[in-house]
Amino acid sequence: MPAKSKAQQKAAGAALAAKRGEKKKIELKGASKGMEESMTEKELEEMASTKRKGKKEHVSDK
């Protein structure tokens, strides 16, 4: 599942780093904390590797 925004991609990258042990889980905040707990490493990798070109910084839920 590709990221829908730059913010979502950044959160997935932070969660992926924590899952791999490159970053401490306690340092995670907000969405990245939930992503780390609920998504597999493969899902996070796919979301974090999404191309940024043409993505908005944030996408509203509406």
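First things first, this report covers the structure right here in the doc.

### A closer look at helix 2 (residues 30-38)
- Every buried residue of helix 2 is accounted for by Ser32, Met35 and Glu36. Each buried residue of helix 2 lies within a common arc of 100° when the element is viewed along its axis, so the set occupies one face. Away from its buried face by more than 90 degrees, helix 2 exposes Gly30, Glu37 and Ser38.
- For helix 2, the elements touching its buried residues are helix 1 (6-19) and helix 3 (41-48).

### Some words on the pattern of salt bridges
- Within the structure shown, the criterion is met by 3 salt bridges.
- Glu41 is the salt-bridge partner of Arg20, the closest N and O atoms lying 3.0 Å from each other. Of the two residues, Arg20 is situated in the loop between helix 1 and helix 2 and Glu41 in helix 3; the sequence distance between them amounts to 21 residues.
- A salt bridge links Glu45 to Arg20, with the nearest nitrogen and oxygen atoms 2.5 Å apart. With a gap of 25 residues between them, Glu45 in helix 3 and Arg20 in the loop between helix 1 and helix 2 connect regions that are remote in the sequence.
- The exposure class assigned to Glu45 is partly exposed, which follows from its relative accessible area of 41%.
- Assessed through its relative accessible area of 38%, Arg20 is described here as partly exposed.
- Among the ionic contacts, a cluster of salt bridges with common partners joins Arg20, Glu41 and Glu45.

### A short note on the packing of helix 1 against helix 3
- Packing of helix 1 against helix 3 brings their axes to within 8 Å, and their N-to-C directions diverge by 145°. Between helix 1 and helix 3 the crossing geometry is left-handed. Counted together, Gln8, Gln9, Ala12, Gly13, Ala15, Leu16 and Lys19 of helix 1 and Glu41, Leu44, Glu45, Met47 and Ala48 of helix 3 form the full contact between these two elements.

### A look at the side chain of Ser32
- Note that Ser32 resides in helix 2.
- Separated by 2.8 Å, the side chain of Ser32 and the backbone oxygen of Lys29 make a polar contact.
- Non-local contacts of Ser32, meaning those with residues more than four positions away in its chain, are made with Ala11, Ala14 and Ala15.

So, how was this worked out
Residues numbered from 1 in each chain as written. Predicted model: local features only at pLDDT ≥ 70, side-chain atom pairs only at ≥ 80, totals over all residues. Heavy atoms only, no water. Buried < 20%, exposed > 50% of the residue type's maximum accessible area, 1.4 Å probe, protein only. Helix = DSSP H or I, 4+ residues; strand = E, 2+ residues; numbered from the N terminus. Arc of directions from axis to C-beta. Contact = heavy atoms within 4.5 Å. Salt bridge = Lys/Arg side-chain N within 4 Å of Asp/Glu carboxyl O. Axes fitted to C-alpha atoms, helices over the stretch in contact; angles between N-to-C directions. Left-handed = near helix turned anticlockwise from the far one by under 90°. Polar contact = N/O pair within 3.5 Å; in protein donor to acceptor, adjacent residues only side chain to side chain.

Read these as layout, nothing more, since geometry by itself doesn't imply function.
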